[in-house]
Amino acid sequence: MTSRAATLRTPAELVVQGLVSPDSLPALEKVAARYAVAVTSDVAALIDKADPNDPIARQYIPSADELVTQPGEDADPIGDHSHSPVNGIVHRYPDRVLFKLVHVCAVYCRFCFRREMVGPGKDTGLSDEVYSKALDYIRTHGEIWEVILTGGDPLMLSARRLKEIMTDLAAIDHVRIIRIHTRVPVADPARVTDDVAAALRVKGATTWVAVHANHPREFTAEARDACARIIDAGIPMVSQSVLLRGVNDNPETLEALMRTFVECRIKPYYLHHGDLAPGTAHLRTTIEEGQKLMQHLRGRVSGLCQPDYVLDIPGGHGKAPVGPQYLSRTSEGTGSRYRIVDYCGDVHIYPPAE
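Residues numbered from 1 in each chain as written. Predicted model: local features only at pLDDT ≥ 70, side-chain atom pairs only at ≥ 80, totals over all residues. Heavy atoms only, no water.

Asker: What is the right way to read the overall build of the protein chain from this model?
Answerer: Across its full length, the protein chain holds 11 helices and 12 strands. In terms of C-alpha radius of gyration, the protein chain reaches 21 Å, essentially the compact-globule figure of 20 Å for 354 residues. Along the longest, intermediate and shortest principal axes, the C-alpha atoms of the protein chain span 70 × 55 × 40 Å. Expressed as a percentage of contacts within the protein chain between residues at least 6 apart in sequence, the contacts between residues at least 24 apart total 75%. Working note: accessible area of the protein chain is about 16500 Å², and carbon and sulfur atoms make up 52% of it. Across the protein chain, the mean location of the 39 positive side-chain charges is 2 Å away from that of the 45 negative side-chain charges. (Helix = DSSP H or I, 4+ residues; strand = E, 2+ residues; numbered from the N terminus. Rg over C-alpha atoms; globule rule 2.2 N^0.38 Å. Contact = heavy atoms within 4.5 Å. Areas by Shrake-Rupley, 256 points an atom, 1.4 Å probe, with all protein chains shown as cover. Lys, Arg positive; Asp, Glu negative; His and termini not counted. Charge placed at Lys NZ, Arg CZ, Asp CG, Glu CD.)

Asker: Please clarify how helix H11 (residues 287-300) should be interpreted in this entry.
Answerer: With 14 residues, H11 extends 20 Å between its outermost C-alpha atoms, agreeing within 8% with the 20 Å of an ideal straight helix rising 1.5 Å per residue. Taken residue by residue, H11 has Gly290, Leu293, Met294 and Leu297 as its buried positions. Summarising the axial view, the buried residues of H11 lie within an arc of 100°, below the 170-degree limit, and thus occupy one face. Those residues of H11 that are exposed and aimed more than 90 degrees away from the buried face are Glu288 and Lys292. Buried residues along H11 sit in contact with helix H10 (251-263), strand S7 (266-272) and strand S8 (308-312). (Expected span 1.5 Å × (residues − 1). Buried < 20%, exposed > 50% of the residue type's maximum accessible area, 1.4 Å probe, protein only. Arc of directions from axis to C-beta.)

Asker: Would you mind going over the environment of isoleucine 148 with me for this structure?
Answerer: Looking at where isoleucine 148 falls in the secondary structure, it is placed in strand S3 (residues 146-150). In this structure isoleucine 148 comes out as buried when scored by relative accessible area, which is 5%. Residues isoleucine 148 and threonine 7, 141 residues apart in the sequence, show an inter-C-alpha distance of 27 Å. When near neighbours in sequence (up to four residues on either side) are disregarded, isoleucine 148 contacts Arg96, Val97, Leu98, Phe99, Arg179 and His181.

Asker: Would you take a moment to explain the pattern of salt bridges for this structure?
Answerer: Close approach of charged atoms allows side chains with opposite charge to pair. All told, the structure shown has 19 salt bridges when counted by the stated rule. A salt bridge links aspartate 54 to arginine 217; the nearest nitrogen and oxygen atoms lie 2.8 Å apart. Pair noted here: aspartate 54 is in the loop between helix H3 (41-46) and helix H4 (55-60) and arginine 217 is in the loop between strand S5 (206-212) and helix H9 (221-232), with a separation of 163 residues, a long-range link. Using a relative accessible area of 32% as the deciding quantity, one classes arginine 217 as partly exposed. One salt bridge connects lysine 319 with aspartate 312, and the closest N-O pair in it is separated by 3.9 Å. For lysine 319, a relative accessible area of 31% translates into the label partly exposed. (Salt bridge = Lys/Arg side-chain N within 4 Å of Asp/Glu carboxyl O.)

Asker: Help me out: how do you make sense of the packing of helix H5 (residues 128-139) against helix H6 (residues 159-170) in this one?
Answerer: If you want to describe how two helices pack, look at the angle between their axes and the distance between the axes. Across the interface, H5 lies against H6 with an axial gap of 11 Å and an inter-helix angle of 30°. By the criterion of interaxial angle, the relationship of H5 to H6 is roughly parallel. Facing Tyr131, Leu135 and Ile138 of H5, the residues of H6 in contact are Arg161, Glu164, Ile165, Asp168 and Leu169. (Axes fitted to C-alpha atoms, helices over the stretch in contact; angles between N-to-C directions. Parallel < 35°, antiparallel > 145°, perpendicular 65-115°, else oblique.)

Asker: I keep staring at the sheet that holds strand S11 (residues 337-341) and nothing clicks. Help me out?
Answerer: What holds strands together in a sheet is hydrogen bonding between their backbones, with the strands either parallel or antiparallel. Judged by pairing direction, the sheet is antiparallel, and its three strands sit side by side in the order S10-S11-S12 without closing on themselves. Looking along the sheet, the strands with just one partner apiece sit at the ends: strand S10 (327-330) and strand S12 (347-350). Each neighbouring strand pair of the sheet contributes to a mean axis angle of 30°, computed without reference to strand direction. (Pairing = 2+ DSSP bridges.)

Asker: Would you mind going over the environment of alanine 320 with me for this structure?
Answerer: Note on placement: alanine 320 falls in strand S9 (residues 319-321). Put simply, alanine 320 and alanine 228 are 92 residues apart on the chain and 31 Å apart in space, counted from C-alpha to C-alpha. Setting aside chain neighbours within four positions, we find alanine 320 in contact with Tyr309, Val310, Leu311 and Ile313.

Asker: Which parts of the structure should I look at to understand the sheet that holds strand S1 (residues 89-93)?
Answerer: Here nine strands make up an open sheet; going across it, the order is S1-S2-S3-S4-S5-S6-S7-S8-S9 and the pairing mixed. Taken across any chain shown, the strands that pair with only one partner, and hence form the sheet edges, are S1 and S9. For this sheet, the mean inter-axis angle between neighbouring strands, taken without regard to orientation, is 30°. In this structure, S7 lies alongside S8, joined through three bridges in parallel fashion. For histidine 272, the partnering residue across the bridge sits in S8 and is valine 310. Across the sheet, H5 is in contact with S1, strand S2 (96-100) and S3; its angle to S2 comes to roughly 175°.

Asker: Would you explain the pairing of S7 in this entry?
Answerer: Regular strands show a simple pattern: their side chains alternate between the two faces of the sheet. Most of S7 is tucked away: five of the seven residues are buried. Examined bridge by bridge, strand S6 (residues 237-242) and S7 share six bridges and lie parallel to one another. Each bridged residue has a counterpart across the sheet, and for methionine 237 the counterpart in S7 is isoleucine 266. In the classification by handedness, the crossover that spans S6, the intervening H10 and the parallel S7 is right-handed. In this fold, the crossover linking S7 to S8 by way of H11 has right-handed handedness. (Right-handed = clockwise from strand over helix to strand, strands pointing away.)

Okay, structure coming up:
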């Protein structure tokens, strides 16, 4: 069996692999001292070293731009802490909670909204005591219908541990849905073994997996196979993407990404507007740019390929849809009438005039 190439974890290792220039090393060492770095061999193989604006590199390779913090950026930009009743749990919405099992990932995205909370040197996982108290919280709150496993990346756990956690949650009568948020199928697809896929399916609850990918090139043959192992085990998948400047902020790339999801039997779910995480301004777009891209998708691709464009309101106030508006009231004519914009941008009055 061929051994797997090691994950790159330091700027010096990135220099050796030709992924960053030696001149950038002092600045990148400062970045790495604050924000974790990890680039798997699968991801490194996708990077075009000859392209200084490679969209895969922009997601994973540290940049000196991360040292610049803009006004309004926050270490907890979506307000996890203010909605955490016990360690490991975020209870923002009435019927669901986040269960943050681990604080490590296969790769560390340069735009991550939890970048101050994950990586080496942080708590790598929940102690038995903290895990037990988090489960107790879920058990005693009968309104919790869905538990979302996140972190960090839950698929960094072993198949055995995943099975234990899934079994514990499925044994709680009011927990009917277990959703897993992960980057592993595209970032480190070999981790998604048949045993892992089998561990995710349990009696007593329905499992969903949300895979995070931002560019169609991330769906290598190995990544597609990893997703297929999950889906063929009877587990539906949805997507999460972040709108990123220089990565997917053009119509052709976003269209190809959404079609790729659907071709892989993954339903596009969320397209996130970039959060106000420290040092990420160079990767954020404007909301207006995002709305124009969504208008393009509406006119160009199947309804199966349409994600919701959402913004996490800073301060912990939850997600809000921020896509383009197609409907507005009009005073034309009599009665209740509306202006509706079609996918070509033409305006119509509804109901039509008699």
